[in-house]
Amino acid sequence: MRPYILAESNWKNLEFDRFDLAVLPWGATEAHNYHLPYGTDVYEADAVAAGAGKFAWEKGAKVVILPTIPFGVNTGQSDIYLDINLNPSTQMAILKDLLTVLDRQGIKKFLIINSHGGNDFKTILRELGLQFPEMLLTTCNWFQALDKSLYFEEEGDHADEMETSLIMYLHPEMVLPLEIAGLGEEKKSVIPGLNEKWAWSERKWSQVTEDTGIGNPKKSTPEKGERYFKDVCQKVGGLMVDICSADLHTLYR
Ligand SMILES: [Zn+2]
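An unreviewed UniProt entry lists the protein chain under the name Creatininase, from Rhodonellum psychrophilum GCM71 = DSM 17998. The Sequence similarities (unreviewed entry) field of the UniProt record for the protein chain holds the comment "Belongs to the creatininase superfamily." Listed in UniProt under the heading Cofactor (unreviewed entry), the comment for the protein chain reads: "Zn(2+)".

Here it is, written out as structure tokens:
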């Protein structure tokens, strides 16, 4: 039993234990090229949150990891079989209910560990921040915490070399042989501003990629995944420690 994982704890332990920071991992359920499981983002969220939580706990941070939310925003994948969509307004409603509980019970620090590119919590946390003015609301994308080019050869952002290597390390039994995987080629927009990334429009997934992947997974290895995973857990765990030790009344200097 890990004392920082709420799902593994019990009311006996929580009789006197109190936490400073609640962490909510948030994933998605969606196709990941031909070779990775639909739950890839959930498995990643579970593992990174637990690994980072362990790092923070061992440094003395009073952190509690909530169960992972398994569905994310998949509005651009509505025609891909069984990609499950949770609208941003639904995410807002879920977050408002969770923050109401935490605020009432005296946990004033909150961190989302986001595991899915379609989830964007910044505007939601801006709006909820007005309703919970005593709380520190934070979000992070673990997949942006490190420079991926130091770990992987091929770029990508979905079922790519990074995600494939990670799942090969975390859950090797769930990865099909890489010969089955597509090349994860991304078609570019006919509108240059969108490719330059300063303009934005949601990608229509089934038109952008043939195999649902973006990024070539062929050079993935579990060794690459292990090295990256351990460094990500340290980095995200460090963020948890920093949030725990911050004084809510002196957040700037
Ligand atoms: Zn993913």
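Here the narrative resumes, following the displayed structure.
Q: Looking at this structure, I do not really get the coordination of the zinc ion. What am I missing?
A: Each angle at a metal carrying four tetrahedral donors should ideally be 109.5 degrees, and each at a metal carrying six octahedral donors should ideally be 90 or 180 degrees. Donor atoms from the polypeptide that bind the zinc ion are H32 (NE2), D41 (OD), E163 (OE) and E163 (OE), placed at 1.9 to 2.7 Å. Geometry at the zinc ion is irregular, judged from its four donor atoms and the angles of 52 to 146 degrees they form at the metal. Each donor residue of the zinc ion belongs to the same chain, with the gaps between them written as H-x8-D-x121-E. Of this pair, D41 sits in helix α1 (residues 40-58) while E163 sits in helix α4 (residues 161-170), and the two are 122 residues apart along the sequence. The exposure class assigned to D41 is buried, which follows from its relative accessible area of 2%.

Q: Explain the sheet that holds strand β3 (residues 109-114) to me, please; I cannot follow it from the model alone.
A: In a beta sheet, neighbouring strands are held together by backbone hydrogen bonds and run either parallel or antiparallel to one another. With respect to topology, four strands assemble into an open sheet ordered β2-β1-β3-β4, the strand pairing being parallel. The outermost strands of the open sheet, each flanked by one partner alone, are β2 (63-65) and β4 (136-141). Strand after strand, the sheet turns through a mean of 20 degrees between neighbouring axes, direction not considered. Strand direction decides the pairing type here: strand β1 (residues 21-26) and β3, joined by six bridges, are parallel. By the bridge assignment, L24 is partnered in β3 with I112. Against the sheet, helix α3 (residues 122-131) touches β3 and β4, its axis set at about 175 degrees to β4.

How each quantity is defined
- Residues numbered from 1 in each chain as written.
- Predicted model: local features only at pLDDT ≥ 70, side-chain atom pairs only at ≥ 80, totals over all residues.
- Heavy atoms only, no water.
- UniProt positions renumbered as here; feature names shortened; annotations may be inferred.
- Donors = N, O, S within 2.8 Å, 3.2 Å for Na, K, Ca; no water.
- Tetrahedral: all angles 85-135°; square planar, octahedral: opposite > 155°, others 65-115°.
- Helix = DSSP H or I, 4+ residues; strand = E, 2+ residues; numbered from the N terminus.
- Buried < 20%, exposed > 50% of the residue type's maximum accessible area, 1.4 Å probe, protein only.
- Pairing = 2+ DSSP bridges.
- Axes fitted to C-alpha atoms, helices over the stretch in contact; angles between N-to-C directions.
- Contact = heavy atoms within 4.5 Å.

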